[in-house]
Amino acid sequence: MNDCIFCKIASGQMRAQIIYQDEDAVVFKDLNPQAPTHLLIIPVKHIENISAAEQQDAALLGKLQLTAAKVAKELGIKDYRLVANNGKGAGQTVLHLHYHLMAGRRFLWPAG
Ligand code: 5GP
Ligand code: ZN
């Protein structure tokens with residue numbers, strides 16, 4: 001996926017404020033934060049969204065959530081919202097799977 005910005009961040013071709021990185025996942029600060037802490041957790045592998053994930057991605061999807069939990073713990077964040085917008089109609093603007101980890105303010109429920 002040559003023109004995918006999150007693939008470029010994962011491969012180091014594009015700069016981002018990276019908080020955590022391993023062979024499967026990257027965590028970096030959102031460019032336009034919507035909360036005092038707003039991180040994005042992405043797979044290194046290009047998967048468009050949760051709908052596009054396949055059975056073979058099951059462990060990777062689990063790892064992304066565990067990575068979110070691990071980073072939150074390391075940052076001393078106990079309460080947070082972990083969200084994935086799936087599809088343009090649900091607010092997905094970057095077509096590379098990502099979880100938003102947001103914390104540091106009150107969140108409405110149901111989500112807006
Ligand atoms: P979505 O709307 O797809 O759920 O979320 C995409 C997120 O990516 C948005 O919160 C947006 O601010 C963030 N974003 C878009 N382009 C960049 C970028 O180049 N760098 C970083 N760090 N975040 C980005
Ligand atoms: Zn990508």
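As the structure is a computational prediction, the values presented were derived from the model and not from experiment.

Caption draft 1: Local environment of unusual backbone geometry. Cis geometry is adopted by the peptide bond preceding Pro110, which originates at Trp109 and carries an omega value of 0°. With respect to the secondary-structure elements, Pro110 resides in the segment after β5 (99-103).

Caption draft 2: Molecular detail of the pattern of salt bridges. Tallied over the entire structure, the rule returns three salt bridges. One salt bridge in this structure joins Asp24 and Lys63, with 2.7 Å as the shortest N-O distance. Residue Asp24 is found in the loop between β1 (18-21) and β2 (25-29), and its partner Lys63 is found in helix α2 (residues 58-74); the two are separated by 39 residues along the sequence. Taking relative accessible area as the criterion, Lys63 reaches 23% and is therefore assigned partly exposed. Between Lys45 and Asp57 there is a salt bridge, and its shortest N-O distance comes to 2.5 Å. Here Asp57 lies in the loop between β3 (37-43) and α2 and Lys45 lies in the loop between β3 and α2, a separation of 12 residues in the sequence. Given a relative accessible area of 36%, Lys45 falls into the partly exposed group. The class of Asp57 is buried, set by a relative accessible area of 3%. Through salt bridges with shared partners, a single network forms among Asp22, Asp24 and Lys63.

Caption draft 3: A look at the coordination of the zinc ion (ligand 2). Cys4 (SG), Cys7 (SG), His46 (ND1) and His96 (ND1) make up the full set of protein donors to the zinc ion (ligand 2), lying at 2.0 to 2.3 Å. In this structure, the zinc ion (ligand 2) is surrounded by four donor atoms whose angles at the metal cover 106 to 116°, and the resulting shape is tetrahedral. Of note, the zinc ion (ligand 2) draws all its donor residues from one chain, in the sequence arrangement C-x2-C-x38-H-x49-H. Taken as a pair, His46 in the loop between β3 and α2 and His96 in the loop between β4 (81-83) and β5 lie far apart in primary sequence, 50 residues in all. His46 sits in the partly exposed class, given a relative accessible area of 24%. A relative accessible area of 0% means that His96 is categorised as buried.

Thresholds applied
- Residues numbered from 1 in each chain as written.
- Chains lettered and ligands numbered in written order.
- Predicted model: local features only at pLDDT ≥ 70, side-chain atom pairs only at ≥ 80, totals over all residues.
- Heavy atoms only, no water.
- Helix = DSSP H or I, 4+ residues; strand = E, 2+ residues; numbered from the N terminus.
- Salt bridge = Lys/Arg side-chain N within 4 Å of Asp/Glu carboxyl O.
- Buried < 20%, exposed > 50% of the residue type's maximum accessible area, 1.4 Å probe, protein only.
- Donors = N, O, S within 2.8 Å, 3.2 Å for Na, K, Ca; no water.
- Tetrahedral: all angles 85-135°; square planar, octahedral: opposite > 155°, others 65-115°.

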